[in-house]
Structure formats: C-alpha cells, structure tokens
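Inside the fold
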Amino acid sequence: MDIERPGAEQWVPSDADVDRLRDAVQGCRGCELWRGATQAVFGDGDAPARLMLVGEQPGDKEDLAGEPFVGPAGRILSQALEQAGVSRESVYVTNAVKHFRFEMRGKRRIHQRPDAGNIQACRPWLEAEFAAVQPAVVVCLGATAGRAVLGRVVKVGAERGRPLDSSGRIVVVTIHPSAVLRLRDSGQRSEAVAGLAADLRVAAKLARDVDTA
Ligand code: URA
Ligand code: SF4
C-alpha cells in the first residue's frame, strides 16, 4: 500500500448513519488534504433520500462553513433545483472529496482540482454515504464527480441528462454549477442553468419511476 495515500477505509465506521459518518470524517487522514483544510465537509440532507447530488470538493466558503454548496456554486445549484421543481431540502448533497484542495496565491486560497489519488482515497466515504442514504438516483455534478461515482473518465457533454448504469445504480451526469459561473454572458448563463435544471428534472423523474416500478 502507498503510505502517502492509504485511503480512507480505516477511518470509515461500518454500518454508520450519516450523523456518525459526519463525526468520523473529521478524523480522516486518508490523503494529504486534511492538512491544509479548515475541516472536512460532509454531505448534507436527510437520509434516506431519493436523490443524491455529488459535487467535486468543498470550496473556500464551504471549507469555512463546514457545509457543501453554500457559496456561489451553491447559489447556482439552488436556482437550478428550484427551476427543476425539486426542493433542496428533499435531496442529499455531498462531494466526491471531503476536504478543500487549494493553493495560496498571495492571501487568497485558489481552488485546485482534486487529483485521481484524492478521489480514490476519499471514495470509501462516498460508498458509506450511498449505503446510509440509499438514493434511487445519483446525480454527478461535473466530471470529477462522474469519475468518482462511475470509476472511469466521464465526458459530461456526451453523457449528460440520461440514465447511466453503474453496478446497478442509476446515475445521471450533468454540468458542475461552477461551469455556469465561468460564463461571461448572462444569456449563456441562463441557458446553462436551464440545462442543469433539465438534467435534474430527468433525475427526479427517474427517481419517481423507480418508486412506482
Ligand atoms: N463546488 C463543489 O463541487 N462542491 C461544493 O460543495 C462547493 C463548490
Ligand atoms: Fe480523508 Fe477524503 Fe479528507 Fe482525504 S479528502 S483526508 S480521504 S476525508
């Protein structure tokens, strides 16, 4: 085993509910990211939940608040959920990686994408959340989440908005809300939010269909 990246297994309590997992994750040393971060940011929402949304990793605001998607990307996500007619309270929201990865630029912490090793190291927490939340459908927000959940490289543009199968689990891939923030033009941004909302609507319908099957 790689000593630098032992992975999270040994820190994940077995058969634990979300509250116990959320306590335990603060002690995780499964990769190096805990060193620089303020705290681990675990998933938020009631369990069980029909829909589970997976992002990439906490951002600056999330790292400080201890909750996922409370910053600018979270605002976009809330907008899209509202457009899709899905209440944010009804979904479980989490990230593929639980600690913030960044580099310092002057006094600012600049987001850095988690690497494949971070994603793999953190995967046991995601597995534990799947077991505790029992979602009917998992939505991957962006390529990092797609990779974490599906275990392969995901092309968001080509694969978004339709059911994908991952070992019997129904998965829907869509864009990351941050991709909306990077667009300059407000028309393009509205269009991107509408696209995200459309994919969320597909996922919500799939979850309902599972319930009535
Ligand atoms: N981006 C993410 O992927 N997750 C968050 O929690 C915030 C921003
Ligand atoms: Fe553990 Fe994940 Fe944090 Fe790495 S990012 S220390 S694996 S919780």
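Our subject is the structure that appears above.
Remember, it's a predicted structure, so these values are computed and weren't measured experimentally.

1. Some words on helix 4 (residues 116-133)
Compared with an ideal rise of 1.5 Å per residue, which puts 18 residues at 26 Å, helix 4 spans 24 Å between its outermost C-alpha atoms and is within 8% of the ideal. Along helix 4, the sharpest change in direction is near 40° and occurs at Arg123; proline Pro124 comes one to four residues later. If you check which residues of helix 4 are buried, you get Gly117, Asn118, Ile119, Ala121, Cys122, Pro124, Trp125, Leu126, Ala128, Glu129, Phe130 and Val133. On its buried side, helix 4 packs onto helix 1 (18-24), strand 1 (51-55), strand 2 (92-95), strand 5 (137-141), helix 5 (143-150) and strand 7 (169-174). You can read the cap of helix 4 off the contacts: a side-chain oxygen lies 2.9 Å from the backbone nitrogen of Gly117, and it is on Asp115. Backbone geometry just downstream of helix 4 places Gln134 in the positive-phi region, at approximately 50°.

2. Side note on the layout of surface pockets
Within this model, the largest pocket holds a volume of roughly 820 Å³. Considering the residues around the largest pocket, the lining is formed by 29 residues, among which Glu56, His111, His176, Ser178 and Arg182 are closest to the centre. Contributions of two or more residues to the lining of the largest pocket are made by helix 2 (60-65), helix 3 (72-84), strand 4 (108-111), helix 5 and helix 7 (177-181). With 4 residues, the top contributor of residues to the lining of the largest pocket is strand 4.

3. As for the site of ligand 1
Every residue near ligand 1 is listed here: Gly55, Glu56, Gln57, Pro58, Gly59, Glu62, Pro68, Phe69, Ala73, Asn95 and His176. One of the backbone nitrogen or oxygen atoms of Gln57 is found 2.9 Å away from a nitrogen atom of ligand 1. Separating an oxygen atom of ligand 1 from a side-chain N or O atom of His176 is a distance of 2.7 Å. Contact with the protein chains removes 93% of the 240 Å² of surface that ligand 1 exposes when unbound. Spatially, ligand 1 is embedded in the largest pocket. A breakdown of the residues in the shell around ligand 1 according to their chemical character gives 4 nonpolar, 5 polar and 2 charged.

4. Thoughts on helix 3
Under the 1.5 Å per step criterion, the end-to-end length of helix 3 is 19 Å for 13 residues, consistent within 8% with the ideal 18 Å. Among all positions in helix 3, only Ala73, Gly74, Ile76, Leu77, Ala80, Leu81 and Ala84 are buried. End-on view of helix 3: buried residues confined to an arc of 160°, all on one side of the axis. When the buried face of helix 3 is taken as reference, the exposed residues oriented beyond 90 degrees from it are Arg75 and Glu82. Those residues of helix 3 that are buried are in contact with strand 1, strand 2, strand 5, helix 7 and helix 8 (186-212).

Procedures and definitions
- Residues numbered from 1 in each chain as written.
- Chains lettered and ligands numbered in written order.
- Predicted model: local features only at pLDDT ≥ 70, side-chain atom pairs only at ≥ 80, totals over all residues.
- Heavy atoms only, no water.
- Helix = DSSP H or I, 4+ residues; strand = E, 2+ residues; numbered from the N terminus.
- Expected span 1.5 Å × (residues − 1).
- Bend = angle between axes of the 7 residues up to and from the residue.
- Buried < 20%, exposed > 50% of the residue type's maximum accessible area, 1.4 Å probe, protein only.
- Contact = heavy atoms within 4.5 Å.
- Polar contact = N/O pair within 3.5 Å; in protein donor to acceptor, adjacent residues only side chain to side chain.
- 1 Å grid on protein atoms, 1.4 Å probe; cavity = no way out; pocket = protein on both sides within 12 Å on 5 of 7 lines; lining within 4 Å.
- Points joined across faces, edges and corners; volume = space filled by probe spheres on them.
- Near = heavy atom within 4 Å.
- Areas by Shrake-Rupley, 256 points an atom, 1.4 Å probe, with all protein chains shown as cover.
- Sits in = over half its atoms within 2 Å of the grid points.
- Nonpolar A, V, L, I, M, F, W, Y, C, P; charged D, E, K, R; others polar.
- Arc of directions from axis to C-beta.

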